Amino acid sequence: MTIPDTKDGTLFYLVGASGAGKDSLLRYARTRLAGKPVTFAHRYITRPVELSGENHIALSPAEFAERRARGCFIMHWESHGLSYGIGVEINSWMQLGLNVVVNGSRAYLPQALALFPALVPVWVRVKPEVLATRLHQRGRETAADIQQRLQRAQAFSLPDLPRLQTLDNDGALEDAGEQLCQLLMV
């Protein structure tokens, strides 16, 4: 699939089940594409920072609500009892010609497409058995939470979107990581 050339940068919106490897892929691409015209948007989350987790900006619920009320987020959603936001700064970055990568929400994708009709959704997929292993290994959720996440992942599918890109992340991180890097440099 060819992604149209524009003067502005392209918004890439990464989605996938929790445990699909989005954070690992983003860390891989961030390292490999250092110095390239690609920037990775930090998410603002009402969750403390974890050393091995996502590189996000932790906000208290009150701080999040204040920033949301003042229009600091271009996108925001709730998931699993947490608030997530993407800052308005991504508009400036794209106007500067940078490709911007967002770690998005599957449920929020329709709203993201309404805001940014030219965004490129990138679906990170993994087999159910791989997902189960990863969720157990990270040790963040209870067994019941993991079961719910697995059921939610199996029930989810994306509609046929014009620019949809799919990355299978069942194997070595480098395989899907290189595919993501190539996609982001379009």
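Residues numbered from 1 in each chain as written. Predicted model: local features only at pLDDT ≥ 70, side-chain atom pairs only at ≥ 80, totals over all residues. Heavy atoms only, no water.

A. Layout of the overall build of the chain. Helix and strand content of the chain: seven helices and nine strands. The buried share of the chain, reckoned over its 186 residues, is 46%. Of all intrachain contacts in the chain linking residues separated by at least 6 positions in sequence, the fraction that spans at least 24 positions is 70%. Of the accessible surface of the chain, which amounts to about 9,800 Å², a share of 52% is contributed by carbon and sulfur atoms. (Helix = DSSP H or I, 4+ residues; strand = E, 2+ residues; numbered from the N terminus. Buried < 20%, exposed > 50% of the residue type's maximum accessible area, 1.4 Å probe, protein only. Contact = heavy atoms within 4.5 Å. Areas by Shrake-Rupley, 256 points an atom, 1.4 Å probe, with all protein chains shown as cover.)

B. View of the sheet that holds strand β1 (residues 11-16). Taken together, five strands build an open sheet; the order of strands is β2-β7-β1-β8-β9 and the sheet is parallel. Each having just a single partner strand, β2 (38-40) and β9 (165-168) make up the two edges of the open sheet. Going from strand to strand, the sheet's axes swing by 25° on average, the running direction of each strand aside. As judged from the four bridges shared by β1 and strand β7 (residues 99-103), these two strands associate in the parallel manner. What sits directly across from Leu 14, in β7, is Asn 103. This element, helix α7 (residues 173-184), spans β1, β2, β7, β8 (120-125) and β9 of the sheet and lies at about 160° to β9. (Pairing = 2+ DSSP bridges. Axes fitted to C-alpha atoms, helices over the stretch in contact; angles between N-to-C directions.)

C. Layout of the sheet that holds strand β3 (residues 43-45). Strand order in the open sheet formed by four strands is β4-β3-β6-β5, with mixed pairing between adjacent strands. Since the sheet does not close on itself, it has two edges, and those belong to β4 (57-58) and β5 (73-79), each with one partner. Examined bridge by bridge, β5 and strand β6 (residues 82-87) share six bridges and lie antiparallel to one another. When the sheet's bridge partners are listed, Trp 77 is paired in β6 with Tyr 84. In the packing of helix α2 (residues 61-69) onto the sheet, the strands contacted are β3, β4, β5 and β6, and the crossing angle to β5 comes to about 140°.

D. Spatial organisation of the environment of Leu 33. Along the chain, the position of Leu 33 falls in the loop between α1 (22-32) and β2. For Leu 33, a relative accessible area of 6% puts it in the buried group. Along the sequence, Leu 33 and Gln 182 sit 149 residues apart, while their C-alpha atoms lie 9.7 Å from each other. Ignoring any residue separated from it by four or fewer positions in sequence, one finds Leu 33 in contact with Val 38, Phe 40, Cys 181, Leu 184 and Met 185.

E. Up close: the packing of aromatic side chains. What the rule picks out here adds up to four aromatic pairs. Cation over ring: Arg 125 sits above Trp 123, and NZ or CZ is 5.6 Å from the ring centre. (Phe/Tyr/Trp six-rings, centres within 6.5 Å; stacked < 30°, edge-to-face > 60°. Lys NZ or Arg CZ within 6 Å of the ring centre and 35° of its normal.)

F. Quick look at the nonpolar core. Counting 25 residues, the largest nonpolar core has Ala 29, Leu 33, Phe 40, Val 122, Leu 180 and Leu 184 as the members making the most contacts within it. When residues of this core are traced back to their parent elements, those giving at least two are β1, α1, β2, β8, α5 (128-138) and α7. Those residues in contact with Leu 180, other than ones at most four positions away along the chain, are Leu 14, Leu 25, Ala 29, Val 122 and Leu 167. Core analysis: the next-biggest nonpolar cluster, separate from the first, contains 22 residues, Tyr 13, Tyr 84, Ala 112 and Trp 123 among them. (Core = buried A, V, L, I, M, F, W, Y, C linked by side-chain atoms within 4.5 Å.)

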